[in-house]
Amino acid sequence: MSVQVDPRFQQAVDLFNRRAWYEAHDAFEEIWHETAGPERRLLQGILQIAVAHVHLERGNLRGATILLGEGVGRLSSAIPGDLGLDLPLVRDQARLRLEALQQETDPVALPVPELRDHS
């Protein structure tokens, strides 16, 4: 069964898009634990991007950099429509924030990753 039909999935997406990073991480992690196959890797990438933003909010730039890198890596092979979302968009938004952190500039002015429906 695809995670997209799980009502918890849309709740997790909504939390992510409301920038409730900690809650989104928890929601995606619950689904991730129950998922196998390629969807598992994609879910892990999303939840790592969420927890990276928890680290950013708390001023842990090293933790944010590491987790953004891991999340971007896990979404590296994502194509539009995976999980019903535009995952390349969220990957690219996260990559811009990662590059800013790596260059020791503030990523706050950059677009915040958002999980949009693929249409």
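Above: the structure in question.
The present account deals with the structure reproduced in this document. (Residues numbered from 1 in each chain as written. Predicted model: local features only at pLDDT ≥ 70, side-chain atom pairs only at ≥ 80, totals over all residues. Heavy atoms only, no water.)

### Notes on the overall build of the chain
And step 1. The helix and strand tally for the chain stands at 5 helices and 0 strands.
And step 2. Going from the N terminus to the C terminus, the chain shows its helices and strands as α-α-α-α-α.
And step 3. A globule of 119 residues ought to have a C-alpha radius of gyration of about 14 Å, and the chain, at 13 Å, matches this closely.
And step 4. Each principal axis of the C-alpha atoms in the chain carries an extent, and together these give about 40 × 25 × 20 Å.
And step 5. When the 119 residues of the chain are sorted by exposure, 47% land in the buried category.
And step 6. Contacts spanning at least 24 positions in sequence make up 57% of the contacts within the chain whose residues lie at least 6 apart.
And step 7. In the structure as shown, the chain presents an accessible area of about 6,300 Å², 50% of it carried by carbon and sulfur atoms.
And step 8. With 12 positive and 18 negative side-chain charges, the chain shows a spacing of 3 Å between the two charge centroids. (Helix = DSSP H or I, 4+ residues; strand = E, 2+ residues; numbered from the N terminus. Rg over C-alpha atoms; globule rule 2.2 N^0.38 Å. Buried < 20%, exposed > 50% of the residue type's maximum accessible area, 1.4 Å probe, protein only. Contact = heavy atoms within 4.5 Å. Areas by Shrake-Rupley, 256 points an atom, 1.4 Å probe, with all protein chains shown as cover. Lys, Arg positive; Asp, Glu negative; His and termini not counted. Charge placed at Lys NZ, Arg CZ, Asp CG, Glu CD.)

### A look at the nonpolar core
And step 1. Among the nonpolar cores identified, the biggest contains 38 residues, and F9, F16, F28, L83, L87 and L115 are the most heavily contacted of them.
And step 2. If one sorts the elements of this core by residue count, helix α3 (residues 38–57) sits on top with 10 residues.
And step 3. Aside from chain neighbours lying at most four places away, what touches L87 is L42, I46, L75, A78, D82 and L115. (Core = buried A, V, L, I, M, F, W, Y, C linked by side-chain atoms within 4.5 Å.)

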